[in-house]
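# Coordinate analysis (summary)
In case you want the letters, here they are:
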Amino acid sequence: MGEVDPAFIQDLEHRPKLSIIEDQGIPLIDLSVLNSPDAVSDPSTLDSLASEIGDACKNWGFFQVINDGVPLEIRQKLENASRKFFAQPLEEKLKIRRDEVKVSGYYDAEHTKNVRDQKEVFDFTVQNPTIVPASTHPDDNELVEWHNQWPEYPPELR
């Protein structure tokens, strides 16, 4: 086995504490409340869910979702198409690389706590185009459009 590129090694203070992981387990977020009448009638229901998600992101950086309402068949089709996409040579994936202007697409150089992540990402939005504020400044009323980039293969990923 070869050596690990130092770009992928986190400093000790940023590494997970195994005792916490073994004790608490991965955060599990139940989205079934989104389909309940309480989600509309009681705003605290959504506030509580948002708080759970925020805590999971802050403390763990990820979470597992259950009861999302997406049928198994659709999830399997997306997983199969994703596997086909990521199995392609890098030059094919780079044809739809995201950047500062094209915010959706393929990316493989993310960092967490200044350490390069060993992962590949394909970002897309449900609404195409997606219209978002141009900045986080409250006085800025300018809007921008984000457009998805789709790979040629596999066509079912579109």
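Residues numbered from 1 in each chain as written. Predicted model: local features only at pLDDT ≥ 70, side-chain atom pairs only at ≥ 80, totals over all residues. Heavy atoms only, no water.

## Let's talk about the overall build of the protein
To keep it simple, the criterion reads: Each helix corresponds to a stretch of at least 4 residues labelled H or I by DSSP, and each strand to a stretch of at least 2 residues labelled E; elements are numbered beginning at the N terminus. Here the radius of gyration uses the C-alpha set of atoms, whereas the globule reference equals 2.2 Å times the residue count to the power 0.38. Summary of the burial criterion: residues with accessible area below 20% of their type's maximum are buried, those above 50% are exposed, and those between are partly exposed, where the area comes from a 1.4 Å probe applied to protein chains only. Contact criterion: two residues are considered in contact whenever any of their non-hydrogen atoms come within 4.5 Å of each other. Note on areas: Shrake-Rupley with a 1.4 Å probe; residue coverage comes only from the protein chains shown. All tallies of charge rest on Lys and Arg as positive and Asp and Glu as negative; His and the ends of each chain are not included. Note on charges: their place is set at NZ of Lys, CZ of Arg, CG of Asp or CD of Glu.
Across its full length, the protein carries five helices and eight strands. When the helices and strands of the protein are listed from N to C terminus, the series reads α-β-α-α-β-α-α-β-β-β-β-β-β. In terms of overall size, the protein is more extended than a compact globule, its C-alpha atoms giving a radius of gyration of 19 Å where 158 residues would be expected to give roughly 15 Å. With respect to the principal axes defined by its C-alpha atoms, the protein has extents near 50 × 45 × 45 Å. In the protein, which comprises 158 residues, the proportion classed as buried is 19%. Looking at the protein alone, contacts between residues at least 24 apart form 46% of all its contacts between residues at least 6 apart. Carbon and sulfur atoms provide 54% of the accessible area of the protein, an area that totals close to 12,100 Å². Taken together, the 16 basic and 30 acidic charged side chains of the protein have centroids lying 7 Å from each other.

## Observations regarding the packing of aromatic side chains
Pairs of aromatic rings are described using the distance from one ring centre to the other and the angle between the two planes. Selection criterion: Geometry of aromatic contacts follows a simple scheme: Phe, Tyr and Trp rings, the Trp one being its six-membered ring, pair when their centres are within 6.5 Å, and the pair is stacked under 30 degrees between planes, edge-to-face over 60, tilted otherwise.
Inspection of every chain in the model, using the stated rule, returns seven aromatic pairs. Judged by centre distance (6.0 Å) and plane angle (65 degrees), the ring pair of Phe85 and Tyr106 falls under edge-to-face. You can see Phe85 sitting in helix H4 (residues 72-86) and its partner Tyr106 sitting in strand S3 (residues 105-107), a full 21 residues away along the chain. Exposure class is identical for Phe85 and Tyr106. Each is buried.

## Regarding helix H3 (residues 43-59)
Three- or four-residue spacings in an α-helix give side chains the same orientation, since the helix completes a turn every 3.6 residues. We count it as follows: The span expected for a helix works out to 1.5 Å for each residue beyond the first. Arc, as used here, means the arc of the directions from the helix axis to the C-beta atoms.
In this model, H3 (17 residues) spans 24 Å end to end at C-alpha, consistent with the 24 Å of a helix rising 1.5 Å per residue. For H3, the full list of buried residues reads Thr45, Leu49 and Ala56. Burial along H3 is one-sided: seen end-on, the buried residues are contained in an arc of 35 degrees. Set apart from the buried face of H3 by more than 90 degrees, the exposed residues are Pro43, Asp47, Lys58 and Asn59. Here the buried face of H3 lies against strand S1 (28-30) and helix H2 (38-41).

## Description of the nonpolar core
Rules: Grouping buried Ala, Val, Leu, Ile, Met, Phe, Trp, Tyr and Cys residues that are joined through side-chain atoms within 4.5 Å yields what is termed a nonpolar core.
Judged by nonpolar contacts, Ala81, Phe85, Ile96, Tyr106, Phe122 and Leu157 together constitute the single largest core of six residues. Residues contacting Phe85, with those up to four places away along its chain left out, are Lys93, Ile96, Tyr106, Phe122, Pro151, Tyr153, Pro154 and Leu157.

## Concerning the layout of surface pockets
Operational definition: Note on definitions: the grid is 1 Å and covers protein atoms alone; a cavity is a set of points where a 1.4 Å probe fits but cannot get out; a pocket is an open set with protein on both sides within 12 Å along at least five of seven lines; lining residues have an atom within 4 Å of a point. Grid points are joined across faces, edges and corners, and a volume is the space filled by probe spheres set on the points. The classification used treats Ala, Val, Leu, Ile, Met, Phe, Trp, Tyr, Cys and Pro as nonpolar, Asp, Glu, Lys and Arg as charged, and all other residues, Gly among them, as polar.
Its volume calculated, the second largest pocket comes out at about 260 Å³. Lining the second largest pocket are 13 residues; nearest its centre among them are Ile74, Arg75, Lys77, Leu78 and Glu156. Of the residues in the lining of the second largest pocket, the class split is seven nonpolar, one polar and five charged.

## Side note on the environment of Asp55
Structurally, Asp55 can be placed in helix H3. As for Asp55 and Gly105, which are separated by 50 residues in sequence, their C-alpha atoms are 28 Å apart.

## Remarks on the confidence of the model for the protein
Where we set the bar: Each residue carries a pLDDT value, the predictor's own confidence for that position, ranging from 0 to 100.
Overall, the prediction assigns the protein a mean pLDDT of 87, with 94% of residues at 70 or greater. Looking at the elements of the protein, mean pLDDT is at its lowest for helix H1 (residues 18-24), recorded as 58, and at its highest for helix H5 (residues 90-93), recorded as 96.

## Here we look at the side chain of Gln88
With respect to the helices and strands, Gln88 occurs in the loop between H4 and H5. Judged by relative accessible area, which is 13%, Gln88 ranks as buried. Here Gln88 is in contact with Lys93 and Tyr153, once residues within four sequence places are set aside.

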